[in-house]
Amino acid sequence: MAKKRDEFIQLVVEESFDNMLLLKRGRTLREEIEMTAYREKQRAKNHPWKVDPKDDYSFWDGVQQRVVKLDGLGKKEQNDCLKDILREILNRYGNEIAGNFNPSHYHVARAVVTLGFGRLLNAARVKGPWSLFSNQLDLDDKIHIKGEVDQLRKLAKLGTVVMVPTHFSNIDSVLIGWIIQFLGLPPFIYGAGLNLFNLKVFSYFMNSVGAYKVDRRKKNSIYLECLKSYSTIALREGCHSLFFPGGTRSRSGRIEKALKLGLLGTTIEAQRQIFQFEENPEEKKIFIVPVTLNYHFVLEAPSLINDYLKSKGQERYYEENDEFTTSFKISTFLMKFFTKGSDISVSIGNALDVLGNEVNINGRSLDKNGNEIDLKDYFKSNGEVTEDAQREQEYNRILGKKIVQEFHKHNRVFSSHLVAFTAFRILERKHTSLDLYGLLRLSDEELILPYEEYKEGFSNLLDALRAMKDAGSVGLADHLSREKDEVIKHGIKNLGMYHAQPPLKFSKSGDVVIRNMNLLYYYHNRLDGYELEKYL
Amino acid sequence: MSSKNTSDKVVGVIGAGSFGTAIANMLAEKTDVLLYVRDKTKAEEFEKNRAVGTHRLSDRIRITNQLSDIGVQCEIIFPIVPSANFREMIRNLAPHLKPYHILIHGTKGLDMTVPEGEHLSKKNPLSRKHVKTMSEVILEETTVLRVGCLAGPNLAKEIEEKQPAAAVVASHFEEVIDQGQKLLKNDRFLVYGSNDLIGIELCGVLKNIIAIGTGMVSGMGLGENSRAMLISRGMVEMVYIGNALGGNTKAFLGLAGVGDLVATCSSKLSRNFTVGFRMAKGESLDDIIQSMEEVAEGVNTIKIIDQLAESYNIRVPITETLHNIIKGEMSVKEAYAYFMKFPFRSEIDFI
């Protein structure tokens with residue numbers, strides 16, 4: 001990426017152009033272009049965003065007109081024209097994805113932004129506005145960074161790192177950006193949702209820290225191919241990258257289970273290309289680093305869970321409206337967030353190779369028994385590194401599964417998530433005949449849990465979690481080692497603390513009262529998938 | 001670390017049972033084969049006689065009793081050993097395997113492992129966590145990912161006699177299916193492909209249960225109607241169990257499912273059928289097992305599936321009844337009476 005932006009985009013265009021011509025999806029190039037133009041016109045008309053270019057509609061209308069006019073031409077001429085159009089489309093997409101990224105301003109902008117962010121946090125904390133000029137950055141009590149930090153630092157020097165964090169909130173992008181700087185890591189490029197660029201604050205951050213734009217509205221194969229080529233080439237060229245493998249934020253509050261394999265697959269493709277074409281492939285190994293983020297609350301939780309509940313069972317259109325609609329709200333939120341006590345936990349997982357094998361501190365891939373594996377062997381048949389799209393698709397599935405496992409393993413359970421889980425599961429056990437929607441509609445008097453009963457369930461779960469932690473299958477936040485009554489209090493106090501109506505509170509007599517079932521369900525989901533319910 | 005450049009394309013077969021030898025001979029029609037025999041004396045004997053029991057060995061087959069030879073010399077390996085020895089064999093083979101290897105197994109059984117210190121209880125019943133198909137054993141124990149299985153109506157004796165037959169190679173990898181087809185297909189042997197690896201494996205595993213049942217029906221002197229009844233009811237049961245354990249219904253309707261089921265349930269060449277047949281004639285299970293040269297996988301499968309069905313809450317009347325007979329809690333006659341009274345509402349309700 002350190003090369004000139006235009007050269008890079010040209011490479012992306014050429015590679016995706018070749019790929020498009022090679023791909024056989026049961027459609028001709030003409031059909032592919034026609035469909036893309038049709039869908040893009042619809043999008044430009046029905047779902048325009050502020051960031052869209054002014055000529056959005058007219059460009060696609062023009063493409064459509066040109067394709068219609070091809071009918072009078074001979075076969076070869078038609079083909080040549082279609083190729084020209086394809087190249088034009090790819091050029092447009094390539095430029096859009098790359099954004100305004102300017103390598104020469106990259107370092108300066110990044111330094112300014114991260115310094116600014118640090119200062120903002122500092123000022124917002126105890127010291128008042130004057131500390132904007134203070135150099136003291138003391139965020140350790142707020143943001144807990146755990147896990148394989150040293151390995152991450154070392155691998156970033158040895159090869160190309162792809163960070164894949166869980167995704168719960170829009171604030172994740174900013175947080176990760178800050179973490180990268182805080183840990184002294186080299187620059188990363190982001191695949192950030194184009195909708196984030198609607199907001200000036202984010203737009204400023206993203207453009208300066210090397211973000212490329214991912215537009216989830218565009219699902220046509222030309223765009224996806226272009227996006228994949230962009231990521232593959234960047235990885236091949238050694239750009240550390242970051243993307244949220246779950247795609248959008250987890251609407252249910254669950255740790256991502258089904259990952260979007262498109263971008264993830266580019267890591268495997270890039271690694272194979274390195275083995276095929278690079279002279280010193282060992283120096284360009286790609287490392288996948290799963291990162292689990294945890295908060296006591298997610299600002300957008302109410303709208304996320306509403307979305308989820310409404311659309312459960314079917315994929316809904318991506319909505320851009322939620323609490324993060326204006327820059328002002330975000331700034332207020334950040335101030336609030338850092339003035340009131342709440343923790344953020346960032347767990348850096350073990351690095352994996354692109355096949356999901358763990359790697360050691362020297363970047364060597366290890367098998368389950370700790371023996372070294374030559375990664376290149378996965379791509380070989382008959383002794384040669386070969387290209388096999390279906391094989392790589394399978395490898396991608398395997399990698400996705402492994403990342404999800406790592407997310408669960410490195411997730412750090414918070415008291416707030418555990419109090420929510422306990423309350424929801426106790427209710428579920430009491431009302432076995434009700435489905436989820438029935439549970440969400442329980443009447444107020446059914447939403448009071450006697451403290452002793454609640455504590456018993458909570459204790460069983462906490463004991464089970466502590467045993468799981470010892471076995472290395474989950475992480476626990478430090479505050480979970482306190483006395484159980486204290487942990488419950490801590491959890492209830494922190495659970496969704498900034499929502500208008502926090503999900504749980506104590507009644508006057510000391511029982512646990514549920515005030516918002518939807519949110520309780522959302523936060524309870526954080527511990528879904530550990531089979532904890534059997535301990536209740 | 002450098003990788004071996006495999007230019008000599010010798011194909012490995014592990015296990016010189018009747019099916020292993022039949023496959024080795026068939027592979028040898030197209031390529032050089034290295035056949036692994038665990039027992040050193042037997043390996044020498046086979047090499048000397050150029051035969052395994054009554055099966056003659058093709059000239060293109062070499063015999064070894066070193067697993068390392070298989071790992072180093074072969075890129076494509078067909079492990080075909082009884083399920084009870086499978087995990088141990090794979091563990092021993094694992095250090096010699098590299099990620100470029102392709103393994104296509106032909107073992108029709110399940111592996112049950114309860115880790116030391118773990119106890120099965122109501123809270124922790126036998127589940128998929130403890131019961132694995134052979135491809136899952138390979139994935140657990142080795143670095144190999146390109147795994148497949150060979151299934152279908154493959155009575156070893158008929159294959160040796162060069163009678164027409166067909167099989168399915170199942171794998172998540174097209175590459176594995178292609179290789180399996182290239183190596184095995186000839187003018188009297190058809191090879192289909194499937195990507196439902198677990199489904200196809202389960203077909204081969206579960207049909208053995210029904211084969212024992214039909215053996216009993218024949219041993220009791222009952223007619224074709226009874227046998228057909230058991231086969232078709234058995235098929236339904238296979239689909240239920242198969243679905244619960246992660247296979248698709250489609251697999252059971254194909255060659256590896258219904259095809260293999262019919263072949264195994266109609267043939268006296270089938271070991272599982274023989275076990276049922278002899279039990280119905282009044283022999284004890286222990287005596288039968290003692291006198292058999294090769295393992296009848298079905299007996300072990302019945303025990304595992306009966307427990308699994310309980311924890312997954314699926315109705316498996318045939319397996320359950322057969323388990324009762326094996327345990328000695330029911331006679332074959334009582335089982336027959338019980339089975340005829342078993343209430344079924346609809347015949348097929350899984351499609």
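How each quantity is defined
- Residues numbered from 1 in each chain as written.
- Chains lettered and ligands numbered in written order.
- Predicted model: local features only at pLDDT ≥ 70, side-chain atom pairs only at ≥ 80, totals over all residues.
- Heavy atoms only, no water.
- Helix = DSSP H or I, 4+ residues; strand = E, 2+ residues; numbered from the N terminus.
- Contact = heavy atoms within 4.5 Å.
- Areas by Shrake-Rupley, 256 points an atom, 1.4 Å probe, with all protein chains shown as cover.
- Rg over C-alpha atoms; globule rule 2.2 N^0.38 Å.
- Buried < 20%, exposed > 50% of the residue type's maximum accessible area, 1.4 Å probe, protein only.
- Lys, Arg positive; Asp, Glu negative; His and termini not counted.
- Charge placed at Lys NZ, Arg CZ, Asp CG, Glu CD.
- Domains from an automatic or database assignment.
- Buried area = accessible area lost by both parts, 1.4 Å probe.
- Salt bridge = Lys/Arg side-chain N within 4 Å of Asp/Glu carboxyl O.
- Polar contact = N/O pair within 3.5 Å; in protein donor to acceptor, adjacent residues only side chain to side chain.
- Nonpolar A, V, L, I, M, F, W, Y, C, P; charged D, E, K, R; others polar.
- Phe/Tyr/Trp six-rings, centres within 6.5 Å; stacked < 30°, edge-to-face > 60°.
- Lys NZ or Arg CZ within 6 Å of the ring centre and 35° of its normal.
- Pairing = 2+ DSSP bridges.
- Right-handed = clockwise from strand over helix to strand, strands pointing away.
- Axes fitted to C-alpha atoms, helices over the stretch in contact; angles between N-to-C directions.
- Core = buried A, V, L, I, M, F, W, Y, C linked by side-chain atoms within 4.5 Å.
- UniProt positions renumbered as here; feature names shortened; annotations may be inferred.
- Patch = residues over 30% accessible without salt bridge, like charges linked within 9 Å, V, L, I, M, F, W, Y side chains within 5 Å.

Novice: Summarise the overall build of chain A; cite the residues concerned and give the values.
Specialist: The number of helices and strands found in chain A is 18 helices and 16 strands. Taking contacts inside chain A between residues at least 6 apart in sequence as the whole, the part at least 24 apart equals 75%. For chain A, the accessible area works out to roughly 23,200 Å², and carbon and sulfur atoms hold 51% of it.

Novice: How would you summarise the overall build of chain B if you had to cite specific residues and measurements?
Specialist: Regarding its fold elements, chain B presents 16 helices and twelve strands. Here the C-alpha atoms of chain B give a radius of gyration of 20 Å, agreeing with the 20 Å that 2.2 N^0.38 yields for 351 residues. Counting only C-alpha atoms and orienting by the principal axes, one finds that chain B spans roughly 65 × 45 × 40 Å. Across the 351 residues that make up chain B, the buried fraction comes to 58%. In chain B, 71% of the contacts between residues at least 6 apart in sequence involve partners at least 24 apart. With an accessible surface of roughly 15,500 Å², chain B has 50% of that area assigned to carbon and sulfur atoms. The average position of the 40 basic charges and that of the 42 acidic charges among the side chains of chain B differ by 1 Å.

Novice: Lay out the domain arrangement of chain B with the relevant residues and their values.
Specialist: Residue and element names in this part refer to chain B. Segmenting chain B into domains produces domain 1 (11–195) and domain 2 (205–340). Inter-centroid distance (C-alpha atoms) of domain 1 to domain 2 is 24 Å. Contacts between the two partners involve 26 residues from domain 1 and, on the opposite side, 24 residues from domain 2. Summed over both partners, the interface of domain 1 with domain 2 buries about 1,900 Å², with 69% contributed by carbon and sulfur atoms.

Novice: I'd like a description of the interface of chain A and chain B, backed by residues and values.
Specialist: The partner chain B presents 23 residues to the 22 residues of chain A that form the contact. If you sort the residues of chain A by the area they bury against chain B, Lys 368, Asp 377 and Asn 382 of chain A come out on top, with a joint share of 26%. On inspection of chain A and its partner chain B, the count reaches one salt bridge. Close ionic contact of Glu 175 of chain B with Arg 391 of chain A constitutes a salt bridge, the shortest N to O distance being 2.8 Å. Counting every contact that joins chain A to chain B gives twelve residue pairs in polar contact (both at pLDDT 80 or more). Elements that contribute at least two residues to the side of chain A that touches chain B include exactly strand E9 (372–373), strand E10 (380–381) and helix H13 (389–410) of chain A. Here the side of chain A that touches chain B gets six residues from one element, more than from any other, and that element is H13 of chain A. For the side of chain A that touches chain B, a count of residues per class yields six nonpolar, four polar and twelve charged.

Novice: Any details on the side chain of His 167 of chain A? Residues and values, ideally.
Specialist: Residue and element names in this part refer to chain A. Among the structural elements, His 167 can be located in the loop between strand E2 (160–165) and helix H7 (171–182). A distance of 2.8 Å separates polar atoms of two side chains, one belonging to His 167 and the other to Asp 172. Residues in contact with His 167, not counting those within four places in the same chain, are Asp 172, Phe 244, Gly 247, Thr 248, Arg 249, Ser 250 and Glu 256.

Novice: Mind laying out the packing of aromatic side chains, listing which residues take part and the relevant values?
Specialist: Per the stated rule, a full pass over the model turns up 15 aromatic pairs over all chains. The interplanar angle of 45° and the centroid separation of 5.3 Å between the aromatic rings of Phe 424 of chain A and Tyr 521 of chain A together place this pair among those described as tilted. Taken together, the residues Phe 424 of chain A in helix H14 (residues 415–430) and Tyr 521 of chain A in helix H18 (residues 517–524) connect sequence positions 97 residues apart. Since its relative accessible area comes to 2%, Phe 424 of chain A is described here as buried. Judged by centre distance (5.0 Å) and plane angle (90°), the ring pair of Tyr 522 of chain A and Tyr 523 of chain A falls under edge-to-face. Judged by relative accessible area, Tyr 523 of chain A falls into the buried class, the value being 1%. Three or more aromatic residues joined by ring pairs make a cluster, and in this case those are Phe 275, Tyr 378, Phe 379 and Tyr 395 of chain A together with Phe 173 of chain B. Between the NZ or CZ atom of Arg 87 of chain A and the centre of the ring of Phe 17 of chain A, over which it lies, the distance is 4.0 Å.

Novice: Mind laying out the pairing of strand E12 (residues 189–194) of chain B, listing which residues take part and the relevant values?
Specialist: Residue and element names in this part refer to chain B. As paired elements, strand E11 (residues 165–171) and E12 share six bridges and run parallel to each other. Counterpart to Val 169 in the pairing with E12 is Gly 193. Of the crossover connections in this fold, the one passing from E11 over helix H7 (residues 174–184) to the parallel E12 is right-handed.

Novice: Go over the sheet that holds strand E4 (residues 211–214) of chain A, please, and point to the residues and values.
Specialist: All names here are of chain A. Overall, mixed pairing links the seven strands, which are arranged E1-E7-E6-E2-E5-E3-E4 in an open sheet. Each having just a single partner strand, strand E1 (143–147) and E4 make up the two edges of the open sheet. With strand direction ignored, the average angle separating the axes of adjacent strands in the sheet is 20°. Sheet topology note: the E1/strand E7 (residues 344–348) ladder contains five bridges and is parallel. Within the sheet, the bridge partner assigned to Ile 145 lies in E7 and is Val 346. Contacting E2, E4 and strand E6 (286–295), helix H10 (residues 261–277) crosses the sheet at an angle of about 160° to E6.

Novice: Could you give me a rundown of the sheet that holds strand E5 (residues 61–64) of chain B, with the residues and numbers involved?
Specialist: Residues and elements named next belong to chain B. If you walk across this open sheet you meet the eight strands as E5-E2-E1-E6-E7-E10-E11-E12, and the pairing is mixed. A strand with exactly one partner marks an edge of an open sheet, and here the two such strands are E5 and E12. Going across the sheet, the axis of each strand differs from the next one's by a mean of 25°, ignoring polarity. When strand E1 (residues 10–14) meets strand E2 (residues 33–36), the two strands line up parallel, connected through four bridges. Note that in E2 the partner of Val 13 across the bridge is Leu 35. Set on the sheet, helix H1 (residues 18–27) makes contact with E1, E2, E5, strand E6 (74–79), strand E10 (146–151) and E12; between it and E1 the angle comes to about 170°.

Novice: So what's going on with the nonpolar core? Which residues, and what values?
Specialist: A general tendency of soluble globular proteins is for nonpolar side chains to be buried together. Ile 33, Met 163, Tyr 454 and Leu 504 of chain A together with Phe 78 of chain B are the most contacted members of the largest nonpolar core, which totals 180 residues. Discounting residues that sit within four places of it in the chain, Leu 504 of chain A has contacts with Val 419, Ala 420, Ala 423, Tyr 454, Ile 492, Leu 495, Val 512, Val 513, Ile 514 and Leu 520 of chain A. Formed by 55 residues, the second largest nonpolar core is a distinct cluster that contains Val 168, Met 238, Ile 318 and Ile 326 of chain B.

Novice: Describe the environment of Phe 17 of chain A, naming the residues involved and giving the relevant values.
Specialist: All names here are of chain A. Here Phe 17 lies in helix H1 (residues 5–22). Judged by relative accessible area, Phe 17 falls into the buried class, the value being 6%. In the structure, Phe 17 is positioned 204 residues away from Ser 221 in sequence and 12 Å away in space, judged by C-alpha atoms.

Novice: Run through the side chain of Ser 16 of chain A, naming residues and quoting values.
Specialist: Tracing the sequence through the fold places Ser 16 of chain A in helix H1. Excluding anything up to four places from it in sequence, Ser 16 of chain A contacts Leu 90, Glu 225, Cys 226 and Ser 229 of chain A.

Novice: Break down the UniProt feature "active site" (unreviewed entry) in chain B for me, citing the residues and quoting the values.
Specialist: All names here are of chain B. Taking the numbering used here, the UniProt-annotated feature "active site" (unreviewed entry) corresponds to Lys 207. With respect to the secondary-structure elements, Lys 207 resides in helix H8 (residues 197–219). If we ignore the near neighbours within four places in the chain, the residues touching Lys 207 are Lys 108, Met 238, Asp 260, Leu 261 and Thr 264.

Novice: Go over the environment of Ile 398 of chain A, please, and point to the residues and values.
Specialist: Residue placement: Ile 398 of chain A occurs in helix H13. Along the backbone, Ile 398 of chain A and Val 354 of chain A are 44 residues apart, and their C-alpha atoms lie at a distance of 9.5 Å. When near neighbours in sequence (up to four residues on either side) are disregarded, Ile 398 of chain A contacts Leu 355 of chain A together with Leu 145 of chain B.

Novice: Describe a nonpolar patch on the surface, with residues and values.
Specialist: Residue and element names in this part refer to chain B. The grouping of Met 229, Tyr 336 and Met 340 at the surface amounts to a nonpolar patch, some 290 Å² of accessible area in total. Inspection of the secondary structure puts Met 340 in helix H16 (residues 332–341). Residue classification places Met 340 among the partly exposed residues on the basis of a relative accessible area of 49%.

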